[in-house]
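Structural characterization, general
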Amino acid sequence: MFGYILRRLAVAIPTLLVLIVFSFLLMQMAPGGPFTQERALPPQVLANIEAKYGLDQPMLVQLWTYLRNVVFSFDFGPSFQYPDRTVNQVIAQGFPITLTYGLVSFAVAVLVGVSLGVTAAIRHNTWLDYLAVGVSIGAQVLPNFVMAPLLVIIFTLWLGWLPGGGWSFNDPSFWIMPVIALATSYMASIARITRASMLEVLGSNHIRTARAKGLPERKVILRHALKPAILPVISYLGPAFVSMITGSVVVDMYFSTGGIGKSFVDSALNRDYAVMMGVTILIGALTILFNLLVDILYAWIDPKIRY
């Protein structure tokens, strides 16, 4: 297992470096610049601003400086649009909010999705199966940009139970609608994958052997069926987890949570390339990290896997 982890790290670290270099080069090739405006700045003023941020240096020098600061100091540099703030400060302001409702959404999606999938598979072709499949399909066809306004109309405007926007770490009533809007579609996908995998495992020979030995059905499900059935779900959870903890632009913008998705949209509109790169690299690094964790978890559950 230790050798397997080292091999996966040997792939993950160069991938992250390639991501940083590729993101930097894409920003350099983008038309215009961070200080391009409808009314052009005087040449001397523009030259002084570019010199302040090191943009007058050759591209390779800029790339090396940026790469060195990110790798050795975890410093994404200053924001181009907010002179008194760094990219690290912008991320540190929004990421805890996104991380909070993303973690809660992930827990809700996994618990409800796996429970629905297992229930539907165990009670195959019964009303419970049809209900679970109906709920999954209904949740799947309601993406978050549709779910968000529906939740506001029902729970804020009609019932008056929940605040329609904003964020507070101390008041969970602000969390409920962002969590529902973000978790619903992932919950539906997890339920469908779990149901399909569980049905396949329940029809396998080792399950028939376990039942023939007279083992209680609960032990057959929990000990012999659930573990192999959960493997396809785990492979889905890695990217899904990153998507949820890095938030959704729709959720951040619609509920005005102040999460990292809003910072990303604002930076794109304001040509703040430094913040865009910082958020992009953060999401990419989390994607690589959690895919690595999923690979390790996959190998731990099924020791035959050593690719």
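Please read all numbers here as calculations on a predicted model, not as lab measurements.

Let us now look at the overall build of the protein chain. Within the protein chain one finds 13 helices and zero strands. Reading the protein chain from its N terminus to its C terminus gives the helix and strand order α-α-α-α-α-α-α-α-α-α-α-α-α. Counting only C-alpha atoms, the protein chain reaches 85 × 55 × 35 Å along its principal axes. Within the protein chain, buried positions represent 40% of all 307 residues. Here the contacts in the protein chain between residues at least 6 apart in sequence split such that 73% fall between residues at least 24 apart. As displayed, the protein chain offers around 16,600 Å² of accessible surface, 68% of which is attributable to carbon and sulfur atoms. Averaging the locations of the 20 positively and 14 negatively charged side chains of the protein chain gives two centres separated by 17 Å.

The next point concerns the side chain of Asp 272. Looking at the secondary structure, you find Asp 272 in the loop between α12 (260-269) and α13 (273-301). No salt bridge is formed by the buried Asp 272; the nearest opposite charge belongs to Arg 85, separated by 8.5 Å. Setting aside its immediate chain neighbours within four residues, Asp 272 contacts Ser 79, Phe 80, Gln 81, Tyr 82 and Ser 267.

It is worth spelling out the UniProt feature "transmembrane region" (unreviewed entry) in the protein chain at this point. The feature "transmembrane region" (unreviewed entry), as given by UniProt, occupies residues 99-118, 130-161, 173-191, 229-255 and 275-301 in the numbering adopted here. Strand forms 0% of residues 130-161 and helix 81%; the C-alpha atoms that close the span are 31 Å apart. Between the end C-alpha atoms of residues 173-191 there is a gap of 26 Å, over a span that is 84% helix and 0% strand.

In this approach, a probe sized like a water molecule rolls over the atoms, and the result shows the empty space that is left. In this structure, the largest pocket encloses a volume near 710 Å³. If you trace the largest pocket, you find 32 residues lining it, with Gln 28, Tyr 53, Leu 55, Gln 62 and Phe 80 closest to the centre. Residue assignment for the lining of the largest pocket shows that the elements contributing at least two residues are α1 (2-29), α2 (43-52), α3 (59-73) and α13. The element contributing the most residues to the lining of the largest pocket is α3, with five residues.

Applying the stated criterion across every chain, the model contains ten aromatic pairs. Residues Phe 24 and Tyr 66 carry aromatic rings whose centres are separated by 5.9 Å and whose planes lie at 35 degrees to one another, so their mutual orientation is tilted. Taken together, the residues Phe 24 in helix α1 and Tyr 66 in helix α3 connect sequence positions 42 residues apart. Judged by relative accessible area, which is 5%, Phe 24 ranks as buried. Residue class for Tyr 66 comes out buried when judged on its relative accessible area of 12%. Relative to Trp 161, the ring of Phe 155 has its centre 6.3 Å away and its plane inclined at 40 degrees; by these criteria the two rings are tilted. An aromatic cluster is defined as three or more aromatic residues linked by ring pairs; in this entry it consists of Tyr 101, Trp 167, Phe 169 and Trp 175. Sitting over the ring of Tyr 82, Arg 85 keeps its end group 6.0 Å from the ring centre.

Here the focus is the nonpolar core. In terms of nonpolar packing, the biggest core is built from 74 residues, with Tyr 66, Ile 91 and Met 198 touching the most fellow members. Among the elements that take part in this core, α13 stands out by supplying 13 residues, more than any other. Ignoring anything within four residues of it in the chain, the contact list for Tyr 66 reads Ile 20, Phe 24, Phe 76, Met 277, Gly 278 and Ile 281.

All right, on to empty space enclosed by the protein then. In total, this model carries one cavity of 30 Å³ or more according to the counting rule given. What lines the largest cavity is Pro 163, Gly 164, Gly 165, Gly 166, Ser 173, Phe 174, Met 177, Pro 178 and Phe 255. Taken together, the residues of the lining of the largest cavity break down into five nonpolar, four polar and no charged.

With that settled, the discussion passes to the pattern of salt bridges. Overall, the coordinates contain three salt bridges when judged by the stated rule. Across the pair Arg 195 and Asp 129 runs a salt bridge whose closest N-O atoms are separated by 2.9 Å. Of this pair, Arg 195 sits in helix α7 (residues 176-202) while Asp 129 sits in helix α5 (residues 127-140), and the two are 66 residues apart along the sequence. For Arg 195, a relative accessible area of 23% puts it in the partly exposed group. Relative accessible area serves as the criterion here: at 1%, Asp 129 is assigned to the buried category. As a salt-bridge pair, Arg 211 and Glu 217 come within 2.7 Å of each other at their nearest N and O atoms. With relative accessibility at 37%, the residue Arg 211 sits in the partly exposed group.

On the surface, Phe 2, Leu 6, Leu 9, Ile 13, Leu 17, Val 71 and Phe 72 cluster together into a nonpolar patch covering about 710 Å² of accessible area. Going through the elements one at a time, α1 and α3 are the ones with two or more residues in the nonpolar patch. It is α1 that contributes the most residues to the nonpolar patch, five residues altogether. Relative to the helices and strands, Phe 2 resides in helix α1.

Taking 1.5 Å of rise per residue, 13 residues should cover 18 Å, yet helix α9 (residues 217-229) covers just 16 Å from first to last C-alpha, more than 12% shy of that figure. Within α9, burial applies to Val 220, Ile 221, Ala 225 and Ala 229. Packed against the buried residues of α9 are α4 (87-122), α7, α8 (205-212) and α10 (231-245).

About the cut-offs
- Residues numbered from 1 in each chain as written.
- Predicted model: local features only at pLDDT ≥ 70, side-chain atom pairs only at ≥ 80, totals over all residues.
- Heavy atoms only, no water.
- Helix = DSSP H or I, 4+ residues; strand = E, 2+ residues; numbered from the N terminus.
- Buried < 20%, exposed > 50% of the residue type's maximum accessible area, 1.4 Å probe, protein only.
- Contact = heavy atoms within 4.5 Å.
- Areas by Shrake-Rupley, 256 points an atom, 1.4 Å probe, with all protein chains shown as cover.
- Lys, Arg positive; Asp, Glu negative; His and termini not counted.
- Charge placed at Lys NZ, Arg CZ, Asp CG, Glu CD.
- Salt bridge = Lys/Arg side-chain N within 4 Å of Asp/Glu carboxyl O.
- UniProt positions renumbered as here; feature names shortened; annotations may be inferred.
- 1 Å grid on protein atoms, 1.4 Å probe; cavity = no way out; pocket = protein on both sides within 12 Å on 5 of 7 lines; lining within 4 Å.
- Points joined across faces, edges and corners; volume = space filled by probe spheres on them.
- Phe/Tyr/Trp six-rings, centres within 6.5 Å; stacked < 30°, edge-to-face > 60°.
- Lys NZ or Arg CZ within 6 Å of the ring centre and 35° of its normal.
- Core = buried A, V, L, I, M, F, W, Y, C linked by side-chain atoms within 4.5 Å.
- Nonpolar A, V, L, I, M, F, W, Y, C, P; charged D, E, K, R; others polar.
- Patch = residues over 30% accessible without salt bridge, like charges linked within 9 Å, V, L, I, M, F, W, Y side chains within 5 Å.
- Expected span 1.5 Å × (residues − 1).

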